[in-house]
Amino acid sequence: MKIVLQRVKRAEVRVDGQVVGQIGRGILLLAAVEKGDTDAQLKKAADKCVNMRIFEDENGKLNLSALELGLEVLAVSNFTVAGRTQKGRRPSFDRAESPEIAKDKFERFLEFLREYGLRVETGVFQAVMEVELVNDGPVTLIIDIPPKGGL
């Protein structure tokens, strides 16, 4: 699984002009399920995202996580995050899981996120979405949990 994680002041996702997911302060996850991802990778990715220490403590140090602060999560399925750009000018999406399988695995990823008790919002799988955010910092990280066998 590969994820672009952004610390946000607020974020929302729209489909056909209608807001389908919206959060205040927290983390925005643009997530791609990759071929070979198992529940173990999905759970590890969820754990890494909510526990990543990217929020300031009382001393201004990045020492607190979204989980510790009880913040919100907006998770948006985005197969293009799995794109590889090493060759040529057209990205290759050969590592992205097929939509039929990816949908179920993304739902499992959402379940793992929700197990932490945080409010988790999401977009609409395979829809054309508009994501609007106010990046806080900016703080943006790539979370890469490779599938077993290192596809």
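The preceding data block contains the structure.
As the structure is a computational prediction, the values presented were derived from the model and not from experiment. (Residues numbered from 1 in each chain as written. Predicted model: local features only at pLDDT ≥ 70, side-chain atom pairs only at ≥ 80, totals over all residues. Heavy atoms only, no water.)

## Some details on the pairing of strand β2 (residues 18–23)
At step 1: Bridging between strand β1 (residues 2–15) and β2 involves 5 bridges; their strand directions are antiparallel. The residue bridging Val15 from the neighbouring strand is Gln18, located in β2.
At step 2: Between β1 and β2, which follow one another and run antiparallel, lie 2 residues, and Asp16 among them has a positive phi close to 55°. (Pairing = 2+ DSSP bridges. Helix = DSSP H or I, 4+ residues; strand = E, 2+ residues; numbered from the N terminus.)

## Looking at the pattern of salt bridges
At step 1: Under the defined criterion, the tally for this structure stands at 12 salt bridges.
At step 2: Between Glu132 and Arg14 there is a salt bridge; the shortest N-O distance is 3.0 Å. With a gap of 118 residues between them, Glu132 in strand β8 (residues 129–144) and Arg14 in strand β1 connect regions that are remote in the sequence.
At step 3: Under the relative-accessibility criterion, Glu132 is labelled partly exposed at 44%.
At step 4: Under the relative-accessibility criterion, Arg14 is labelled buried at 16%.
At step 5: A salt bridge links Arg119 to Glu121; its shortest N-O distance comes to 3.4 Å.
At step 6: Put simply, Glu12, Arg14, Glu130 and Glu132 are held in one network by salt bridges that share partners. (Salt bridge = Lys/Arg side-chain N within 4 Å of Asp/Glu carboxyl O. Buried < 20%, exposed > 50% of the residue type's maximum accessible area, 1.4 Å probe, protein only.)

## Observations concerning the side chain of Glu97
At step 1: Along the chain, Glu97 falls in the loop between β6 (72–77) and α3 (99–114).
At step 2: Excluding anything up to four places from it in sequence, Glu97 contacts Val33, Glu34, Lys35, Gly36, Ala102 and Lys105. (Contact = heavy atoms within 4.5 Å.)

## Quick look at the nonpolar core
At step 1: Grouped together as the largest cluster of nonpolar side chains are 30 residues, with contacts concentrated most on Met1, Ile3, Ile27, Leu29, Phe106, Phe109 and Leu113.
At step 2: With 6 residues, the single largest contributor to this core is α3.
At step 3: Contact partners of Ile3, with chain neighbours within four places excluded, come to Leu29, Leu30, Ala31, Ala45, Cys49, Val81, Phe109, Leu141, Ile142 and Ile143.
At step 4: With 13 residues, the next largest nonpolar core counts Leu30, Val76, Val81 and Ala96 among its residues. (Core = buried A, V, L, I, M, F, W, Y, C linked by side-chain atoms within 4.5 Å.)

## Overview of the environment of Leu69
At step 1: Note on placement: Leu69 falls in helix α2 (residues 66–69).
At step 2: Distance in space between the C-alpha atoms of Leu69 and Leu118 is 9.7 Å, their sequence separation being 49 residues.
At step 3: Contacts of Leu69, omitting those with residues within four sequence positions, involve Arg25, Phe55 and Leu64.

## Focus on the pairing of β6
At step 1: By the bridge criterion, 6 bridges tie strand β3 (residues 26–32) to β6 in an arrangement that is parallel. Looking across to β6, one finds that Ala31 is bridged to Ser77.
At step 2: Of the strand pairs in this sheet, β6 and strand β7 (residues 120–122) are connected by 3 bridges, and their pairing is parallel. Residue pairing in the sheet places Leu74 in a bridge with Glu121 of β7.
At step 3: Taking the sense of rotation as the criterion, the β-α-β connection linking β6, α3 and β7 turns out right-handed. (Right-handed = clockwise from strand over helix to strand, strands pointing away.)

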